[in-house]
Amino acid sequence: MDALVVGGGVAGLTAAWELTRAGLRPLLVEARGYTGGLIAGGEIGGVEMDLGAESVVLRGGAVTTMLDALGLESTAHRGRPRLFLPPLAGSGPEAATGAHDVDCALDGPGEPPSGGWGLHPFPRDAILGIPADPLADDARAILGEAGARCAARDRGLDGSVGTSPADPRDLASLVRARMGRAVLDRLVRPIVAGIHASDPAVLDSDVVVPGLRDDVARLGSLQAAIRARLEERRARPAGRRSGEVCVVGGMHRLTAALRAAIESAGGTVLTRWGAQRMRLEGGAGRAGSWRVALAPTGPGATPSDEPSAVGTAHQVRTGRVVLACSARAALRLLAGAPGIDPGALDITVPSGAPIARLTIVARAPGLAGAPVGSGLLVAPASSADPCPVAAKALSHLDAKWSWIAEGLRERHGEGAAALRLSYGRPGEPRPEPALAGALADITALTSVRIKLDDVLDHRLIRWDGTLPPARPDYRRRTARLEEAVASIPGLGLTGAWVAGTGIAAVVAHARERAAGMVGRTGARGTAPGGTEEDS
């Protein structure tokens, strides 16, 4: 056959689609019973909704050109999101300290304690909470006077502070060195935790925001680097979309359209089939034919476990193989590839936080005014500031996306709302959210009470360990493996575990790898390794 793609998540679907654009008719196999991976849809309350990722942060042209080619329209969400934060610390120095070798013990009494946790709009001019101007009113309201003034001192630091080769590469270290603890704890940490399901202290800054360290060194400050990126977005011509968007109708329409396009171009998509082993006939370093054993698969012991082979294996032969499957499956298959140093396969993939998402459709006319905008992220609690809710995020889906609002009106009339609460943080036990507890969280976060009798439908979805943190050492190991794979003819490796988290990064990486196997270069978009998944 022309090509084999192993894995039917967004990376595998993207790679197979890119191969069809070169005139090939690939076979895609997915060991689970559905395609799309973390981009999945389903009905709740009679309305089709995203069960996994509900948006993508656009970078470069890889996603936008794909959407255009598939005839899909994208749109930004409605409403401004909020942060649910603890009260400011009682002293200015304590709230502000942490900027690199800079005395942030400012004159004055600092911020008085507030009454408790409260809502704050996201700063308008920021990326992942890093403000372009810490002294702007919306940033100052979150940081306090002392924290804002400390962060503003970033402008006077040398561009090498936090960006030299000897400095740690994690995002938290960069932010703290440049802007101090207040920006890290009250802006970056809650936003990154909500989007990446990881603490910024374990995330490689150049994976989360590609090129950020170089921009700081070149432009002289973190503020300038953020401002330049925001200005570049705004300067783009009309039609060149940027920022956080969703496919109209839901992100699940993207993966459905990719599968339909693959099949209409003569490709084949098979679920409940997995690759068991492979070998190259012809030897390392020479063009040859891959022989791959495929077998029918059944569910693992739990939904999070890898599917297992349940039937007789069948041999297929092809000149091109793209591995777009999980890390465990890919490393097992690569053990049969020639020319790869076993040391390059010695990769321990960090485990992502267990995530549970409870979506509730209920009669809640009190939410008609969207009291939390499009939704909110909850800051991690501390011993000094215990959090009054268990949820880490709340999305007001019908306020955020017009098609959900229209679907609810058609199905249930006026006054129905759809809310999604997310649970599960790194290092915490597997969350077990219950409906009654979720309704209590909604009341605490929105001041609107929903009774059990008001609930029309609800559904709990789990994504255990699906967003591994992009630690700097891990990124170095995967880069070494990618170099080894690139030297083997007819073999490609992609997927979130090597591309970096976030749909834009995965799509760009998968298109690059697939295009490179057939000599195409038109898929070039975002450099591999960039963020945001879903908030």
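Residues numbered from 1 in each chain as written. Predicted model: local features only at pLDDT ≥ 70, side-chain atom pairs only at ≥ 80, totals over all residues. Heavy atoms only, no water.

As annotated in an unreviewed UniProt entry, the protein carries the name Oxygen-dependent protoporphyrinogen oxidase and comes from Actinomyces denticolens.

A. Inspection of the packing of helix α4 (residues 137-152) against helix α6 (residues 181-196) at higher detail. Between α4 and α6, the least distance of the axes is 8 Å, while the angle of their chain directions is 135 degrees. Comparing the axis directions of α4 and α6 gives the class oblique. As for how α4 packs across α6, the hand of that crossing is left-handed. For the pair α4 and α6, contact is made by Ile142, Leu143, Gly147 and Ala151 and by Ala182, Val183, Arg186 and Leu187, respectively. Each residue belonging to the contact of α4 with α6 can be placed in one class, and the counts come to six nonpolar, one polar and one charged. (Axes fitted to C-alpha atoms, helices over the stretch in contact; angles between N-to-C directions. Helix = DSSP H or I, 4+ residues; strand = E, 2+ residues; numbered from the N terminus. Parallel < 35°, antiparallel > 145°, perpendicular 65-115°, else oblique. Left-handed = near helix turned anticlockwise from the far one by under 90°. Contact = heavy atoms within 4.5 Å. Nonpolar A, V, L, I, M, F, W, Y, C, P; charged D, E, K, R; others polar.)

B. Structural view of the pairing of strand β21 (residues 416-423). With respect to burial, β21 is a largely interior element, eight of its eight residues being buried. Alternating positions in β21 separate into two faces, Ala416, Ala418, Arg420 and Ser422 on one and Ala417, Leu419, Leu421 and Tyr423 on the other, with burial throughout. Of the pairings in the sheet, the one linking strand β18 (residues 354-363) to β21 comprises eight bridges and is antiparallel in character. Within the sheet, the bridge partner assigned to Val361 lies in β21 and is Ala418. Here strand β20 (residues 393-396) pairs with β21 via four bridges, running antiparallel. By the bridge assignment, Leu394 is partnered in β21 with Leu421. (Buried < 20%, exposed > 50% of the residue type's maximum accessible area, 1.4 Å probe, protein only. Pairing = 2+ DSSP bridges.)

C. Just the pattern of salt bridges, in detail. In total, this model carries 23 salt bridges according to the counting rule given. Here Asp138 makes a salt bridge to Arg80, at a shortest N to O gap of 3.1 Å. Note that Asp138 is positioned in helix α4 and Arg80 in the loop between β6 (74-75) and β7 (82-85), a separation of 58 residues in sequence. Overall, the relative accessible area of 22% leaves Arg80 in the partly exposed class. Between Arg513 and Glu482 there is a salt bridge, with its nearest N and O atoms 3.1 Å apart. Taken together, the residues Arg513 in helix α17 (residues 503-517) and Glu482 in helix α15 (residues 472-486) connect sequence positions 31 residues apart. Taken together, the shared-partner salt bridges in this structure form one network comprising Arg279, Glu281, Arg291 and Arg317. (Salt bridge = Lys/Arg side-chain N within 4 Å of Asp/Glu carboxyl O.)

D. Spotlight on the side chain of Asp215. Relative to the helices and strands, Asp215 is located in helix α8 (residues 212-219). Engagement of the side chain of Asp215 in a polar contact is seen with the side chain of Arg218, the distance being 3.1 Å. If we skip the residues at most four places from it in the chain, Asp215 touches Gly220, Ala225 and Arg229. (Polar contact = N/O pair within 3.5 Å; in protein donor to acceptor, adjacent residues only side chain to side chain.)

E. Quick peek at the sheet that holds strand β19 (residues 375-378). Read across the sheet, seven strands follow the order β8-β7-β19-β20-β21-β18-β22 without closing on themselves; strand pairing throughout is mixed. A strand with exactly one partner marks an edge of an open sheet, and here the two such strands are β8 (118-121) and β22 (455-464). On average, each strand axis in the sheet is inclined to that of its neighbour by 20 degrees, with strand direction left out of account. Pairing of β7 with β19 involves three bridges; the strand directions are parallel. Among the inter-strand pairings, Phe84 is bridged to a residue of β19, identified as Val378.

F. Structural context of the sheet that holds strand β17 (residues 321-323). Spatially, β12-β2-β1-β17-β23 is the arrangement adopted by the five strands of the open sheet, whose pairing is parallel. With partners counted over all chains shown, the strands left at the sheet margins are β12 (268-271) and β23 (491-493), one partner each. Recorded for the sheet is a direction-independent mean angle of 15 degrees between the axes of neighbouring strands. Bridge analysis of strand β2 (residues 27-30) against β12 gives four bridges, and the strand direction is parallel. Within β12, the residue paired with Val29 across the bridge is Leu270. Contacts from α17 reach β17 and β23 within the one sheet, and its direction differs from that of β23 by about 175 degrees.

G. Inspection of the packing of aromatic side chains at higher detail. Applying the stated criterion to the full structure yields two aromatic pairs. Between the aromatic rings of Trp401 and Trp403, the centroid separation amounts to 5.3 Å while the plane-to-plane angle is 20 degrees, which identifies the pairing as stacked. The pair formed by Trp401 and Trp403 is uniform in burial state, with each residue classed as buried. (Phe/Tyr/Trp six-rings, centres within 6.5 Å; stacked < 30°, edge-to-face > 60°.)

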